[in-house]
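Residues per chain are reported as follows:
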Amino acid sequence: MAVPDTMIAAWLAAIERFRLARSAWMEWGARNPCPREGQLPEDLSVEEEAAIFADWEKGSDAVSVPYDEAREALYALPAPNLDAVIVKLQLAREILVGWDVERELTPILQLVEQDLRRLADEKETPTPPKIN
C-alpha cells in the first residue's frame, strides 16, 4: 500500500517540531532545575508533588515550541508505515529517561498499539486492482 506524500511530510514535520521542542525544553530544564531540593518524595502527597511540578513547568513557556503540544501532536498523528511506528517507539523511549514511567508510558503505548493494529489491518485487507 502506497503512503501519501502528504502523510509522510506531516509525520516528518511533526518529528522535527518535537525534537526542537524537546531540545529547547531540556535546555530550559537544565538551567532551571525542578525545586525539589531538600524535600524527599515521601514528604509530599501526590497532589503536592504534581502542583510543584506543574508550577515549575509553567516557566518552560519561554521555549520556542511548547513541548507538550509538540509531543501530543506527534503521537496523535497516525504512523504512515512500520518505520514510523518504530520512530514513535524510539521517541517514547527517549522521553521516558528520568521520568515517571507510568504517567508517560501508558498513553504512548496505547497510541502505538492503535498504529500497529491499523497497519496490520491495512496489510491484511487486499487493495483492489486498478481498472484502466
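Preceding this section is the structure that the text describes.
Residues numbered from 1 in each chain as written. Predicted model: local features only at pLDDT ≥ 70, side-chain atom pairs only at ≥ 80, totals over all residues. Heavy atoms only, no water.

Undergrad: Any chance you could explain the overall build of the protein here in plain terms?
TA: Within the protein, the regular secondary structure consists of five helices and zero strands. Written out in order from the N terminus, the α and β elements of the protein read α-α-α-α-α. In the protein, which comprises 132 residues, the proportion classed as buried is 27%. Once local pairs closer than 6 in sequence are excluded, the contacts in the protein between residues at least 24 apart make up 76%. A total of about 9200 Å² of accessible surface is found on the protein, and carbon and sulfur atoms cover 59% of it. (Helix = DSSP H or I, 4+ residues; strand = E, 2+ residues; numbered from the N terminus. Buried < 20%, exposed > 50% of the residue type's maximum accessible area, 1.4 Å probe, protein only. Contact = heavy atoms within 4.5 Å. Areas by Shrake-Rupley, 256 points an atom, 1.4 Å probe, with all protein chains shown as cover.)

Undergrad: Just to check I follow, could you spell out the packing of aromatic side chains for this structure?
TA: Given two aromatic rings, one states the distance between the centres and the angle between the planes to describe the pair. Following the criterion strictly, the structure yields one aromatic pair and no others. Measuring from centroid to centroid gives 6.4 Å for Phe18 and Tyr75, while their planes differ by 65 degrees, and the two rings are edge-to-face. Residue Phe18 is located in helix 1 (residues 5-31), and its partner Tyr75 is located in helix 3 (residues 67-76); the two are separated by 57 residues in the primary sequence. On the basis of relative accessibility, which here comes to 0%, the residue Phe18 falls in the buried class. (Phe/Tyr/Trp six-rings, centres within 6.5 Å; stacked < 30°, edge-to-face > 60°.)

Undergrad: Is there a simple way to explain the nonpolar core in this structure?
TA: Residues Trp11, Phe18, Tyr67, Leu74, Tyr75 and Leu91 are the most contacted members of the largest nonpolar core, which totals 21 residues. Of all the elements in the fold, those that place two or more residues in this core are helix 1, helix 3, helix 4 (82-96) and helix 5 (101-124). Among the elements that make up this core, the one with the highest residue count is helix 1 (seven residues). Excluding its chain neighbours within four sequence positions, the residues that come into contact with Leu74 are Trp11, Ala14, Ile15, Phe18, Lys88 and Leu91. (Core = buried A, V, L, I, M, F, W, Y, C linked by side-chain atoms within 4.5 Å.)

Undergrad: Help me understand the pattern of salt bridges in this model?
TA: Side chains carrying opposite charge are able to pair once their charged atoms draw close together. Within the structure shown, the criterion is met by six salt bridges. Lys88 serves as the salt-bridge partner of Asp115, at 2.5 Å between the closest nitrogen and oxygen. Linking Asp115 in helix 5 with Lys88 in helix 4, this pair joins segments that are 27 residues apart in sequence. Accessibility assignment for this pair places Asp115 and Lys88 in one class, buried. A salt bridge links Asp115 to Arg118, with the nearest nitrogen and oxygen atoms 3.8 Å apart. On the criterion of helical spacing, the pair formed by Asp115 and Arg118 is a turn pair, its members being three residues apart in helix 5. (Salt bridge = Lys/Arg side-chain N within 4 Å of Asp/Glu carboxyl O.)

Undergrad: What exactly am I supposed to notice about the environment of Ala70 here?
TA: Along the chain, the position of Ala70 falls in helix 3. Sequence separation between Ala70 and Leu20 is 50 residues, and the spatial gap between their C-alpha atoms is 8.9 Å.

Undergrad: Any chance you could explain the side chain of Arg22 here in plain terms?
TA: Along the chain, the position of Arg22 falls in helix 1. Residue Arg22 is classed as buried on the basis of its relative accessible area, which comes to 13%. Ignoring sequence-local partners within four residues, the contact set of Arg22 consists of Tyr67, Leu91 and Glu94.

Undergrad: Is there a simple way to think about the side chain of Arg71 in this case?
TA: Here Arg71 lies in helix 3. In this structure, Arg71 is in contact with Phe18, Ile95 and Glu104, ignoring residues within four places of it in sequence.

Undergrad: It is not clear to me how the packing of helix 3 against helix 4 should be interpreted in this structure. Could you clarify?
TA: The geometry of a pair of packed helices is captured by two quantities: the angle between their axes and the separation between those axes. Contact geometry for helix 3 and helix 4: axes closest at 11 Å, N-to-C directions at 150 degrees. Taken together, the axes of helix 3 and helix 4 are roughly antiparallel relative to one another. Judged by the sense of rotation from one axis to the other, the crossing of helix 3 with helix 4 is left-handed. In this structure, helix 3 uses Tyr67, Arg71, Leu74 and Tyr75 to contact helix 4, whose residues at the interface are Lys88, Leu91, Ala92 and Ile95. (Axes fitted to C-alpha atoms, helices over the stretch in contact; angles between N-to-C directions. Parallel < 35°, antiparallel > 145°, perpendicular 65-115°, else oblique. Left-handed = near helix turned anticlockwise from the far one by under 90°.)

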